[in-house]
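Coordinates in review
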Amino acid sequence: MITAPVNKIIDCSVVDGPGNTTAIFFQGCNFNCIYCHNPETINICRNCGSCASSCPTGAISTTPGEKEALWNESLCAGCDNCIKVCPHGSSPKIRNISVDEAVLRVAGNIPFIRGVTCSGGECTLQKEFIVPFFERVRALGLRTLLDSNGSLDFSLEPELMAVTDGVMLDVKSADPLIHLSLTGMSNSIVLKNIDFLAEQQKLIELRIVVADEPGFHSRETVDAVSRRLQASPNGRDAHFRIIAFRPFGVRKQFQSISPPSPRLLRELERIARGNGMKYVSIT
Amino acid sequence: MLKLLDTMEQARSEVKRVIQDKTLTHSQTVSALAKTAENLLPYPEGTPKEFSEMFDKGIICDLAEGHAPYAPRYILPDYEKFMRQGSKFLRLEPPSDLYEALNSLLIFYRHVPSVTHFPVFMGRIDRLLEPFIQHSDEARALIRGFLIHCDRTFTSSYCHMNLGPEDTKAGRIILDLEAELQHCVPNMTFRYDPTATPDDLAELAVKSALACANPAFAFDPMYVSDFGGEDYGIASCYNGLPIGGGAFSLSRIRLNRIAEQSDSMDDFFRNRLPRAADALCRFIEAKIRFIVEETPFFRSNFLAAEGFIDISRFAGLFGIVGLCECVNHLMKLQGKPAAFGSSEDANQLGVAVMECLQQEVGRFTSAYSAVWDNHFILHAQVGAENDEGVSPGARIAIGSEMPLYDHLRQAGLFHRFFPSGVGDIFPFDTTASRNHAAILDVFKGAFKVGMRYISTYAADSDLVRVTGYLAKRSDVAAYAGGSPALNDTVAGSVESFDKRGILSRKVRSI
Ligand code: SF4
Ligand code: SF4
């Protein structure tokens, strides 16, 4: 049976694609972005045991020999202490769910939703789960979206693309070195994906997190990415979303970075529009 | 019920009390004096003898409608006819441009009686104005002035305009202005029909609703099927009624009180509920008979004489409140968990209560109410003063709300019972304003699971939908602090805010 580690499911989400969607957040990411707002979704639990003693309700047990900590949802009070103390960017509050279970949950939200969005963590790490899941979700008449960091070469995944209606792509930087410094990974595939998805008319949205902080190189990124979109077929139709960095939820060492000034945001919007982007928004 | 004034002395002191009440504006004083005078008369002939006992026990409530109504409670004039033919009595020709149309409407509104003395139905405004819209900038400026005039003159949040379902320039201008103007008046309903309303227009309506609590959404196809056509209007709070007619009178029963006084399920279903329903029907009938037979209204008022209304299109309204508490009490009687909303058993019991009531009310044949086959229409009343601990209509109590989709499905079980008014309110957190299409998806789903009327506002909005009407938090706070309020509805809102937890409604975060 195919299962996937799920951090949480939001039944009614207005921020994970056009219209009302059910969003599934998978655990585990292959990037390590400095501004990750959910750093506890990055790694799979190693059963190190550090969090068990900090849980006020005894909801966590770490049995030696098991791969992951065991979490008793019915005891959990939702205080998030475990997440705060975890030294490995993980959380014990992960459930491995089957495709059947996920489909059942989504089907229960009809007729209020128009689609399902797989997010994360990095959802494409769970592509073996997503392919059969999306096939069945589509059969229910729902739209299927991926919210991805773009690290998987979509042009090599015909099975996944066949059941995916669109992708929302996070782009950290157009510059290889800056991308490396922000995420710990190369960006060559991300850039290739921009062109491929735009050409396939499956690039629903492109997101860039911005800040005044020089390390973000926000002007350069917005300029280079919007130029790239302008050059690719249908690229101007993608929703170009400029996301203001917010310290809320990010790891301690990055909390001193301040949110971007309204001036910078306006300037970035001008740059994107100047490069022909039709739908630009700032959030 | 108002106190019966038995002696001249009592009457004098009541008149003096009203005149000296410093919280009233001039027109509020005049209305209160009229009510005092009306209540010098006894209840109409035909009032059932058990009325006063049931009234004292809190089973029946006449919503302070007055002992001797001299006009129907809610009137929905045929404004389209007025636009076509003008009015002899008002000495108005049919309008020939937007300025004349707006001016004629403002004049006409002034002459539409109701229980509040304000026009509770102001027409399908987009349709009325559309033929006159030529230059949108000029139209916008004129309509802006018109809306401001309405808000400051028709100072009761029960005055109600309708929009939709079709796309119009006028409708778009109004939706756009609403968010900017932040008015309590008029109350607005958008009649949504998936086959006639384009998504971008419905999304504009959502945007406006989040910004200023207006408009609410009515599922047009359901009303069209209930009313046998599109000749219906949404008036007052959210009351569906025939255009060219309206409601003679509305009184209500408190289902919770009936349950509390029942010894057993059997006692409730076979004895107490049928008796209360029958008594209320006879009381409503007595009121209607009085209006029709003993007042000259339908014989002399220009609305009837010129065909803007017809007596055959009026109905009696039978209101209910407290289904939630009623069901919870009956569940307790059976030793089961009292969880109207989250318990499927409790919800099914609620449906059984409504089916029983529908049957009992259907048993009564009225000499009037021709438009509804000589029966009264059920109305989920939103509550009134002294309703502490009683939830409006069939709503789940504030504080016991469920996850959004479950809540909508539960509400959907009950909306079919109330062609003449029912509705639920779901405030959303501010994130919702980023994705109006998402809220529209939720509303579309709500209509698919049986709801007919739904409304929203953003959690940080000054304007909130109190029960069915709008009020500004800032106005209510000022009034509570001792300042007089222009809008009549503000005074009642203070109690709703304080005692009925309107501001504690669960905000839906998405
Ligand atoms: S969030 Fe739940 S599992 Fe984690 S520490 Fe708190 S109670 Fe325990
Ligand atoms: S969640 Fe983190 S702290 Fe808890 S056992 Fe897993 S890796 Fe260790």
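An account of the accompanying structure is given in this report. (Residues numbered from 1 in each chain as written. Chains lettered and ligands numbered in written order. Predicted model: local features only at pLDDT ≥ 70, side-chain atom pairs only at ≥ 80, totals over all residues. Heavy atoms only, no water.)

Side note on the interface of chain B and chain A
Facing 17 residues of chain B, the contacting portion of chain A comprises 16 residues. For the chain B and chain A pair, buried surface summed over both sides reaches about 1,400 Å², with 62% attributable to carbon and sulfur atoms. For the interface between chain B and chain A, the tally reads one salt bridge. A:Arg114 is the salt-bridge partner of B:Asp441, the closest N and O atoms lying 2.7 Å from each other. Applying the counting criterion to the chain B and chain A interface returns nine residue pairs in polar contact (both at pLDDT 80 or more). Sort the elements by how many residues they give to the side of chain B that touches chain A and helix H18 (residues 436-448) of chain B lands first, with seven residues. For the side of chain B that touches chain A, the per-class residue count stands at ten nonpolar, three polar and four charged. (Contact = heavy atoms within 4.5 Å. Buried area = accessible area lost by both parts, 1.4 Å probe. Salt bridge = Lys/Arg side-chain N within 4 Å of Asp/Glu carboxyl O. Polar contact = N/O pair within 3.5 Å; in protein donor to acceptor, adjacent residues only side chain to side chain. Helix = DSSP H or I, 4+ residues; strand = E, 2+ residues; numbered from the N terminus. Nonpolar A, V, L, I, M, F, W, Y, C, P; charged D, E, K, R; others polar.)

Observations concerning helix H9 (residues 199-212) of chain B
All names here are of chain B. End to end, H9 covers 20 Å across 14 residues, agreeing with the expected 20 Å (1.5 Å per residue, within 8%). Within H9, the full set of buried residues consists of Leu201, Ala202, Leu204, Ala205, Val206, Ser208, Ala209, Leu210 and Cys212. Where H9 is buried, its residues touch helix H8 (169-181), strand S4 (187-192), strand S5 (216-219), H18, strand S13 (463-465) and strand S14 (470-472). Positive backbone phi, approximately 70°, marks Ala213, located one or two places after H9. (Expected span 1.5 Å × (residues − 1). Buried < 20%, exposed > 50% of the residue type's maximum accessible area, 1.4 Å probe, protein only.)

Focus: the sheet that holds strand S11 (residues 424-425) of chain B
Residues and elements named next belong to chain B. The sheet built from five strands is open, its strands ordered S3-S4-S5-S12-S11 with mixed pairing. One side of each edge strand has no neighbouring strand; the edge strands of this open sheet are strand S3 (160-163) and S11. Inspection of the sheet shows S4 paired to S5 by four bridges, in the parallel sense. The residue of S5 that forms the bridge with Tyr192 is Phe219. Sheet contacts for H18: S4, S5 and strand S12 (453-455); angle to S5, the most-contacted strand, approximately 35°. (Pairing = 2+ DSSP bridges. Axes fitted to C-alpha atoms, helices over the stretch in contact; angles between N-to-C directions.)

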